[in-house]
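So you can see what is in the structure, the chains are spelled out below.
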Amino acid sequence: MTSPQSPIRPWPFGLPLLQAIRRDPLALAQSLHKQHGDIASVKVLSTHIYYLFRPEAARQVLVEHQEDFEKDQRPLDILQSVHGANVITTEGAVWERQRRILTPAFAPKRIEACAKLMAAAADECASQELPQEVGANAIIDVDALTTLITMDVILRALFSYHYQREEAAAVSQAIRSLSKQLMRELFWPVRAVPWLPYPGRAEKERSTALVRDLIRARIEARRQAMSAGAEAGEDILGLMLAARDEQATAPDAGLSDQEILDNCVGLFGAGHDTSATALTWWIGLMAMHPEIAARVRDELRGLPEDRASAVKTIMEARLLNATIKEAMRLYPPSTATFSRRALRDVPIDGQVIAKGALVLIPIWSLHHDPRWFPEPDAFRPERFMPGAPVLPRSAFMPFGIGPHFCLGQQFATVEMALIAARLVRNHDFALDQATALPAPEVNLVLKPRERLKVRFTRLAQDRQTVVPSERAERQSN
Ligand code: HEM
């Protein structure tokens, strides 16, 4: 795990500081916390940036005083250069309308409907990528595996579309390259001008076109089917095409074609790389802690028969879900919220954040604070089991809090549990020639710096393991 670096000196204009944040944002945040205490203030060019390390202060900014802050425009502009203007990259009335229209697509009954496709994606991918004969084993590039599964899930959920293997590999490569590029651009002192040459521009344009073309093709295929008489469909695209803003007075209050495209791109990006990353670290941690993986398997075998709801059944696997939460505590896919800009002077945690200042909520630091998480680097799923000491509100916030909290939180929670359950019940995980997990690196999301390779060994099924959606399927046949 990353350790704090040497203290920050008051560098001129803060530009070296900007580079230090870029090099290792996690270590830098830890170092600021150590030096400055629970509110650290630094200056880059003419902007004050506050890091808030107390959960209560984070809550004041993101929830109680949310109207006094908005997402900082600069990172939104950088993301917009790939995403366009969607629910992630906009603020104010535009964001509010899009959030209102998209929210029903993530309602509990929609997630229930998605549970089956999540399980199917995991099973199909496992049958192609993982050893199937009892006792057979293979060394697996874990992030490549989890990305294949979660990309399949999101494409099925958005478009009822099952990708070709080569298509998935190319898109996945494009997403990696875009993450690296956007991360670089976030730390440039001046913004890249789209019509002037800048480092990485050609590759960025190629990758953006590849991702947007994949999405555009799915939308066009649906529109063609609809003009031939088909229904809009029950997937997220179908709901977007049919959606109307209930608060609007205009006769056509749906999403425009551009908004549909941009939101599909946003949901595709936000909706698979985050969950893939969380699952990658979870598999690594299970490989490090085989005794806990064995207990998770026992728990899955004992799941109650509940044919009505796959979601309810998998959420009853307390230890499984605690291991996933603990993996996201140690390795939160989003290590910080988007920075927020103060719209006026705002009192936060006994200090005034001046109008125009930026505030950063370092989720990774909150999750590694020994005040709430004793021995913060240790993997202890029992922190999230019933009977564990109560955490301060918002000390654990992998999905953010307040009006911008993750729209896909429930979707991702169910998805990760279903996928994790299917992988761990059939396979044993062991680190290959390593005794520790690779160091983490922030690349928009928190990825392993070196590839995480794990040996998957196919286990014997001592009895028909209970797996929610299969059970439901057997019953309906
Ligand atoms: C483990 C998986 C995930 C994690 C850790 C995660 C984390 C987050 C966080 C921390 C935010 C809030 C950012 C802020 O307030 O600045 C966020 C926002 C968002 N997430 Fe997720 N996310 C995950 C999965 C998903 C999925 C599966 C989807 C959609 C299918 C999704 C869609 C969104 C959207 C649309 C927003 C913007 C919400 C808004 O501003 O109104 N996320 N996510």
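What counts as what
- Residues numbered from 1 in each chain as written.
- Predicted model: local features only at pLDDT ≥ 70, side-chain atom pairs only at ≥ 80, totals over all residues.
- Heavy atoms only, no water.
- UniProt positions renumbered as here; feature names shortened; annotations may be inferred.
- Salt bridge = Lys/Arg side-chain N within 4 Å of Asp/Glu carboxyl O.
- Helix = DSSP H or I, 4+ residues; strand = E, 2+ residues; numbered from the N terminus.
- Buried < 20%, exposed > 50% of the residue type's maximum accessible area, 1.4 Å probe, protein only.
- Domains from an automatic or database assignment.
- Contact = heavy atoms within 4.5 Å.
- Buried area = accessible area lost by both parts, 1.4 Å probe.
- Polar contact = N/O pair within 3.5 Å; in protein donor to acceptor, adjacent residues only side chain to side chain.
- Phe/Tyr/Trp six-rings, centres within 6.5 Å; stacked < 30°, edge-to-face > 60°.
- Lys NZ or Arg CZ within 6 Å of the ring centre and 35° of its normal.

- The protein has the name Cytochrome P450 in an unreviewed UniProt entry, where Dyella flagellata is given as its organism.
- The UniProt entry for the protein carries this comment under Cofactor (unreviewed entry): "heme".

**Some remarks on the pattern of salt bridges**
And step 1. For the structure shown, the criterion picks out 29 salt bridges.
And step 2. As a salt-bridge pair, Arg 165 and Glu 129 come within 2.8 Å of each other at their nearest N and O atoms. Taken as a pair, Arg 165 in helix α8 (residues 165–186) and Glu 129 in helix α6 (residues 108–129) lie far apart in primary sequence, 36 residues in all.
And step 3. Two residues, Arg 329 and Glu 326, come together in a salt bridge whose shortest N-O distance is 2.8 Å. You can see Arg 329 and its partner Glu 326 sitting in helix α14 (residues 318–330), three residues apart, about one turn around the helix. The pair Arg 329 / Glu 326 is uniform in exposure class, with both members buried.
And step 4. One continuous salt-bridge network, built from bridges that share partners, spans Asp 143, Arg 176, Asp 273 and Lys 447.

**A word on the domain arrangement of the protein**
And step 1. Each domain of the protein was delimited in the assignment, giving domain 1 (1–71 + 335–397) and domain 2 (72–334 + 398–476).
And step 2. One C-alpha centre belongs to domain 1, the other to domain 2, and the line joining them spans 26 Å.
And step 3. Contact residues are listed per partner, giving 42 residues for domain 1 and 40 residues for domain 2.
And step 4. Across the domain 1/domain 2 interface, buried area totals approximately 3500 Å², and carbon plus sulfur atoms make up 70% of it.
And step 5. Looking only at domain 1, the three residues that lose the most surface to domain 2 are Arg 22, Lys 71 and Phe 379, adding up to 24% of its buried area.
And step 6. Where domain 1 meets domain 2, there are two salt bridges.
And step 7. As a salt-bridge pair, Asp 72 and Arg 341 come within 3.2 Å of each other at their nearest N and O atoms.
And step 8. Scanning the region where domain 1 abuts domain 2 turns up 16 residue pairs in polar contact (both at pLDDT 80 or more).
And step 9. Mapped by element, the contributors of at least two residues to the side of domain 1 that touches domain 2 are α1 (15–23), α2 (25–36), α3 (55–64), β3 (69–71), β5 (340–342) and α15 (363–367).
And step 10. Broken down by element, the side of domain 1 that touches domain 2 gets its largest block of residues, five residues, from α1.

**Points about the packing of aromatic side chains**
And step 1. The full count for this structure, using the stated rule, is seven aromatic pairs.
And step 2. Taken together, a centroid distance of 6.2 Å and an interplanar angle of 75° make the contact between Phe 106 and Phe 411 edge-to-face. Taken as a pair, Phe 106 in the loop between α5 (92–102) and α6 and Phe 411 in helix α16 (residues 409–426) lie far apart in primary sequence, 305 residues in all. By the burial criterion, Phe 106 is buried, and Phe 411 matches it.
And step 3. Of the aromatic side chains, those joined through ring pairs into one cluster are Trp 282, Phe 429 and Phe 456.
And step 4. Geometry around Phe 405 places Arg 99 over its ring, the cationic atom sitting 4.8 Å from the centre.
And step 5. Across the ring face of Phe 373, the terminal group of Arg 329 is positioned such that the distance to the ring centre comes to 4.9 Å.

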